[in-house]
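Structural description and commentary
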Amino acid sequence: MRVIGGEFRSRALKSVPGLDVRPTPDRLREALFNVLAPRIEGVTFADLYAGTGAVGIEALSRGAARAIFVEQKHAAVRVIRENVKILGLEARAEVRHGRAAAMIAIVEADIVFLDPPYEIAKEYASALALLGEKPPTLVIAQHSPRLKLEDGYGGLHRTRQLKQGDNELSFYGR
C-alpha cells in the first residue's frame, strides 16, 4: 500500500497483518481525492474506522491541515501511529483509540470519511445519523454497492454516489 498523490506520493505505508482490516483500494482513494481536490486544502479531515490510516494520510499528503484517525483495533492503531511517524506527520495528526460511533460526537472536522467493516452494516446508519445531528461540511461513506444507504440522515443529504468495482462512495452534504 502506498500514498497515491500529493506531498508523500509513492511513499509506502505499513499495513495491518491478517484479514481484520480491509484497506481502501488505491484506485478508489485516487477517485475519492480527485473529487475532493478543490476542497481538501486547509481542512480538518476525520478518518473514522481508519484501519491503516491510508485515507487520512492521503488527505494530509494532498493539503489537509489536520487529520483525526479513529480506530478500535489495537494492531491498527499501532500501524497508524507508525505510518504517521514514518512520514513525520505527528504535528498534523491525532490518533484516537476507541469505537468510532462513540467518538463521533467529539470529533470536529470539516470532512468526515467513514468505512465501517462491511459485516457490521448497521454501523453505517447509526454513524450517519449521529453525524446528521451536527453535520460537518461533507461526509463520505465507503460501502458495498449491495448496501443501500438512505438519501438523508438528519441534516445530511446525499449529493453524489461513485461506484467502483466492489466499492461505492456516498457523499453527503448539509
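Conventions adopted
- Residue positions are counted from 1 within each chain, in the order its sequence is given.
- The model is predicted, so local features are restricted to residues of pLDDT at least 70 and side-chain atom pairs to those at 80 or more, both for listing and for counting; the totals for chains, interfaces and linings are taken over all residues.
- No hydrogens and no water enter the side-chain calculation; it runs on all heavy atoms of the structure.
- Counting from the N terminus, the helices are the DSSP runs of H or I reaching at least four residues and the strands are the DSSP runs of E reaching at least two.
- Only heavy atoms matter for contacts: two residues are in contact if any of them lie within 4.5 Å across the pair.
- Throughout, the Shrake-Rupley method with a 1.4 Å probe supplies accessible areas, and for residues the shown protein chains are the sole cover considered.
- Only four residue types enter the tally: Lys and Arg on the positive side, Asp and Glu on the negative side; His and the chain ends are excluded.
- Charge positions come from single atoms, namely NZ of Lys, CZ of Arg, CG of Asp or CD of Glu.
- Accessibility here uses a 1.4 Å probe with only protein chains present; expressed as a share of the type maximum, an area under 20% marks a residue as buried, one over 50% as exposed, and anything in between as partly exposed.
- Basic side-chain nitrogens of Lys or Arg form a salt bridge, by our definition, when they fall within 4 Å of a carboxyl oxygen of Asp or Glu.

**Observations concerning the overall build of the protein**
A tally of regular secondary structure across the protein gives five helices and eight strands. Ordering the α and β elements of the protein from the N terminus gives α-β-α-β-α-β-α-β-α-β-β-β-β. Judged by the C-alpha coordinates and their principal axes, the protein covers about 40 × 35 × 35 Å. Looking at the protein alone, contacts between residues at least 24 apart form 61% of all its contacts between residues at least 6 apart. A total accessible area of about 8300 Å² is found for the protein, and carbon and sulfur atoms account for 49% of it. Mean positive and mean negative side-chain charge positions of the protein (25 and 21 charges, respectively) differ by 2 Å.

**Some thoughts on the environment of Gly132**
By the secondary structure assignment, Gly132 is in helix H5 (residues 122-133). For Gly132, a relative accessible area of 6% gives the class buried. Residues in contact with Gly132, not counting those within four places in the same chain, are Tyr153, Gly154, Gly155 and Leu156.

**Concerning the pattern of salt bridges**
Evaluated as defined, the whole model comprises ten salt bridges. In this structure, Asp26 and Arg29 form a salt bridge, with 2.4 Å as the shortest nitrogen-oxygen distance. Within this pair, Asp26 and its partner Arg29 are both found in helix H1 (residues 26-36), separated by three residues, close to a single helical turn. With a shortest N-O distance of 3.7 Å, Arg99 and Glu123 are connected by a salt bridge. A residue pair is termed long-range when its members are at least 10 positions apart, and Arg99 in the loop between strand E3 (93-97) and helix H4 (100-103) and Glu123 in helix H5 qualify at 24 residues. The class for Arg99 is partly exposed, based on a relative accessible area of 42%. Each of the salt bridges in this network shares a partner with another, and the network as a whole consists of Arg2, Asp26, Arg29, Glu58 and Arg62.

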